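What follows is the residue order along each chain.
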Amino acid sequence: MEATADTIAVDRRIAIAARPRTAWEYLVDPDKAVRWIGVLADLDPRPGGTYRVEVIPGSVAQGKFVEFDPPHRLVHTWGWEPGSDGSVRPGSTIVKFELIPDGDGTLLRLTHRALPDPAAAVSQAAGWEHYLARLAVAARGFDPGTDPWIERRVR
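Residues numbered from 1 in each chain as written. Predicted model: local features only at pLDDT ≥ 70, side-chain atom pairs only at ≥ 80, totals over all residues. Heavy atoms only, no water.

A. Structural view of the packing of aromatic side chains. By the definition in use, this model includes seven aromatic pairs. With a centroid separation of 5.4 Å and 75° between ring planes, the pair formed by tryptophan 78 and tryptophan 80 is classed as edge-to-face. Of the two residues, tryptophan 78 and tryptophan 80, neither departs from the other in class, the shared state being buried. When the centroid spacing of 5.1 Å and the interplanar angle of 50° are considered together, the rings of tryptophan 78 and tryptophan 128 count as tilted. Here the residue tryptophan 78 occupies a position in strand β6 (residues 73–78), and tryptophan 128 occupies one in helix α3 (residues 118–139), the gap between them amounting to 50 residues. Neither tryptophan 78 nor tryptophan 128 differs from the other in exposure class; each is buried. Three or more aromatic residues joined by ring pairs make a cluster, and in this case those are Tyr51, Phe65, Trp78, Trp80, Phe97 and Trp128. (Phe/Tyr/Trp six-rings, centres within 6.5 Å; stacked < 30°, edge-to-face > 60°. Buried < 20%, exposed > 50% of the residue type's maximum accessible area, 1.4 Å probe, protein only. Helix = DSSP H or I, 4+ residues; strand = E, 2+ residues; numbered from the N terminus.)

See the structure below:
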């Protein structure tokens, strides 16, 4: 987590054993996205397009795509719809994915900035660590299995 006078941000990096084009598809294709994050995804990956993912039942992240540079850079706004379990308002923060070729794989750098407070940053950091690990498995072509966070919510 990084904090400055202007912003509170989460910065994460993960190595993915897949080329950037393959990893990219898991960020923009709704069917592939729900393999690693969420139960439903409504994605219109173009500047101004919709970003909406029901991450776990009853918790829906929404925003708009801001930048779209396949397969290198994707930026969208982010926040939780009213009634969700998050303190971040819909579309009030910025999530940036950078996909950097690394041999036969990809270094993915995620920056989530403009978080409202340190508690939100801690919560978002835990979520991104959980879901980026699942992305790394899915992008390799493997099934990351049932998301235990969804299982916990359903019980």
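B. Summary view of the nonpolar core. In this structure, Ile16, Trp36, Val55, Trp78, Phe97, Leu108 and Trp128 are the most contacted members of the largest nonpolar core, which totals 41 residues. Only β2 (8–16), α1 (20–28), β4 (50–56), β5 (59–69), β6, β7 (93–102), β8 (105–113) and α3 provide two or more residues apiece to this core. Counting residues per element, this core draws most heavily on α3, which supplies 10 residues. (Core = buried A, V, L, I, M, F, W, Y, C linked by side-chain atoms within 4.5 Å.)

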